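Here is how the chains run, residue by residue.
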Amino acid sequence: MKLGLVQELEIVRATENGVYLSDPAENERGGRAPEDLAVQRVLLPRNQTPKNAQPGMRLTVFLYKDSEDRPIATTTIPPITLGSTAMLPVKEVTKIGAFLSWGLAKDLLLPFKEQIVRVKEGDSVLVALYIDKSGRLCATSKVYDYLRTDSDYKANDNVTGIVYEIIESFGAYVAVDNRYSAMIPNQELFSSLHPGDIVTARVRKVLADGKLTLSLREPAYRQLSDDAVLVYEKLTAAGGFLPYHDKTDPETIKEVFCLSKNAFKRAIGHLLKEGKITISNVGIKAVGMDSSHAHP
């Protein structure tokens, strides 16, 4: 019998408070030594016990600890189990951390030290379930090591996920479907993201270890017309001239247009081919517009 897991246990004794459950495999082996029996039996409270319950019957239950720190069984199966992840609502924030609602009589603690960003009442937060040093079930929003890498997604599939951490030197870490490990690398980040943001993205690559690399943009051949429109709109809004060209620093391009250098070059190349702009070593100019007031 293990805390935090859904398991099938057998009724071994009925009492006024409910029924005691035990591991059927242990029963078949003759049980443990008498001094271990307390550990090997767990109470299913009376209000959770089926009316026709009797010794020998097997029930599917979830094990956790009650408010007095005693192992207890429930027939209510929560949305998260040991080692898995789920989005849970924040019910209350106290001096020791946040308490999350997960459908059981005792709320689930998310300690402050396990929060990547501080949560507040009413938030929903992606967490994993683990057993702390004192043997209690706790939540952590540091979910990287708990996310799965066995998704069926492949390159160019569209996915939805939640941003759970930003590391400036790498990018945005995303839990696809709240359970699969993914990242949007820095070179694909052209807008500001924050933990808790929901994103729809495209799978750029499935790595050898099963983790997903994502992009917030369509493939280049699909994105081209949108990028060209964006550049042209900025150009006309500026009066027909902008001091940016194919030699401009990539960081400047990213800051001004929210595009990569390559995407910008493709966009202005497309506009040039369509005869909408001219390109010089000082910038880009809209054809047919008087940009003298914008570019002396």
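Procedures and definitions
- Residues numbered from 1 in each chain as written.
- Predicted model: local features only at pLDDT ≥ 70, side-chain atom pairs only at ≥ 80, totals over all residues.
- Heavy atoms only, no water.
- Helix = DSSP H or I, 4+ residues; strand = E, 2+ residues; numbered from the N terminus.
- Buried < 20%, exposed > 50% of the residue type's maximum accessible area, 1.4 Å probe, protein only.
- Contact = heavy atoms within 4.5 Å.
- Core = buried A, V, L, I, M, F, W, Y, C linked by side-chain atoms within 4.5 Å.
- Pairing = 2+ DSSP bridges.
- Axes fitted to C-alpha atoms, helices over the stretch in contact; angles between N-to-C directions.
- Polar contact = N/O pair within 3.5 Å; in protein donor to acceptor, adjacent residues only side chain to side chain.
- Expected span 1.5 Å × (residues − 1).
- Arc of directions from axis to C-beta.
- Salt bridge = Lys/Arg side-chain N within 4 Å of Asp/Glu carboxyl O.
- pLDDT = per-residue confidence, 0-100.

Caption draft 1: Region of the structure containing the overall build of the protein chain. Scanning the protein chain from terminus to terminus reveals 5 helices and 18 strands. Relative to its 296 residues, the protein chain shows a buried fraction of 41%. When contacts within the protein chain are restricted to residue pairs at least 6 apart in sequence, long-range pairs at least 24 apart make up 55% of them.

Caption draft 2: Region of interest: unusual backbone geometry. A positive phi is found at Asn 156, a non-glycine position, where the angle reads about 80°. Asn 156 gets classed as partly exposed once you look at its relative accessible area, which sits at 47%. Residue Cys 258 is not a glycine yet carries a positive backbone phi of 55°. Secondary-structure assignment places Cys 258 in the loop between helix H4 (250-257) and helix H5 (261-273).

Caption draft 3: View of the nonpolar core. By size, the foremost hydrophobic cluster in this structure holds 31 residues, and its most contacted members are Leu 21, Val 61, Leu 100, Trp 102, Leu 110 and Val 127. The element that contributes the greatest number of residues to this core is strand E4 (residues 58-65), accounting for 5 residues. What Leu 110 contacts, discounting residues up to four positions off in sequence, is Gly 97, Ala 98, Leu 100, Gln 115, Val 119, Val 125, Val 127, Ala 139, Thr 140 and Ser 141. Within the second largest apolar cluster, 16 residues are counted, among which are Leu 235, Leu 242, Phe 257 and Ala 263.

Caption draft 4: Representation of the sheet that holds strand E10 (residues 137-140) in the model. The sheet built from 5 strands is open, its strands ordered E8-E7-E6-E9-E10 with antiparallel pairing. With partners counted over all chains shown, the strands left at the sheet margins are strand E8 (108-111) and E10, one partner each. When the angles between neighbouring strand axes are averaged without regard to direction, this sheet yields 55°.

Caption draft 5: Up close: H4. If you check the start of H4, you find a side-chain oxygen 3.0 Å away from the backbone N of Glu 251, and it comes from Asp 249. Just beyond H4, the residue with positive phi is Cys 258, at close to 55°.

Caption draft 6: Structural context of H5. Given a rise of 1.5 Å per residue, 13 residues ought to cover 18 Å, and the 18 Å separating the end C-alpha atoms of H5 matches this to within 8%. Along H5, the positions that sit buried rather than exposed are Lys 261, Ala 263, Phe 264, Ala 267, Ile 268 and Leu 271. With its buried residues spanning 160° around the axis, H5 presents them on a single face. When the buried face of H5 is taken as reference, the exposed residues oriented beyond 90 degrees from it are Asn 262 and Lys 273.

Caption draft 7: Focus on the side chain of Ser 181. Inspection of the secondary structure puts Ser 181 in strand E13 (residues 180-185). Setting aside chain neighbours within four positions, we find Ser 181 in contact with Tyr 144, Leu 147, Arg 148, Thr 149, Val 174, Lys 211 and Leu 212.

Caption draft 8: Representation of the pattern of salt bridges in the model. Counting across every chain of the model gives 13 salt bridges. In this structure, Arg 58 engages Glu 8 in a salt bridge whose closest nitrogen and oxygen atoms are separated by 3.8 Å. Taken together, the residues span a long stretch of sequence, with Arg 58 in strand E4 and Glu 8 in strand E1 (residues 6-15) at a distance of 50 residues. Arg 58 gets classed as partly exposed once you look at its relative accessible area, which sits at 38%. In this structure Glu 8 comes out as partly exposed when scored by relative accessible area, which is 45%. For Lys 120, the salt bridge goes to Asp 123, with nearest N and O atoms at 3.3 Å.

Caption draft 9: Expanded view of the sheet that holds strand E12 (residues 171-176). If you walk around this closed barrel you meet the 5 strands as E11-E12-E13-E15-E14, and the pairing is mixed. Direction aside, neighbouring strands of the sheet carry axes that sit 50° apart on average. Relative to strand E14 (residues 198-206), strand E11 (residues 158-167) is paired through 5 bridges, and the arrangement is antiparallel. Looking at E14, one finds that Ile 162 is bridged to Ile 198.

Caption draft 10: Summary view of the confidence of the model for the protein chain. Confidence in the prediction of the protein chain, expressed as mean pLDDT, is 87, and 90% of residues score 70 or more. Counted against residues more than four places away or in other chains, residues 33-39, with its pLDDT under 50, gives 2 contacts.

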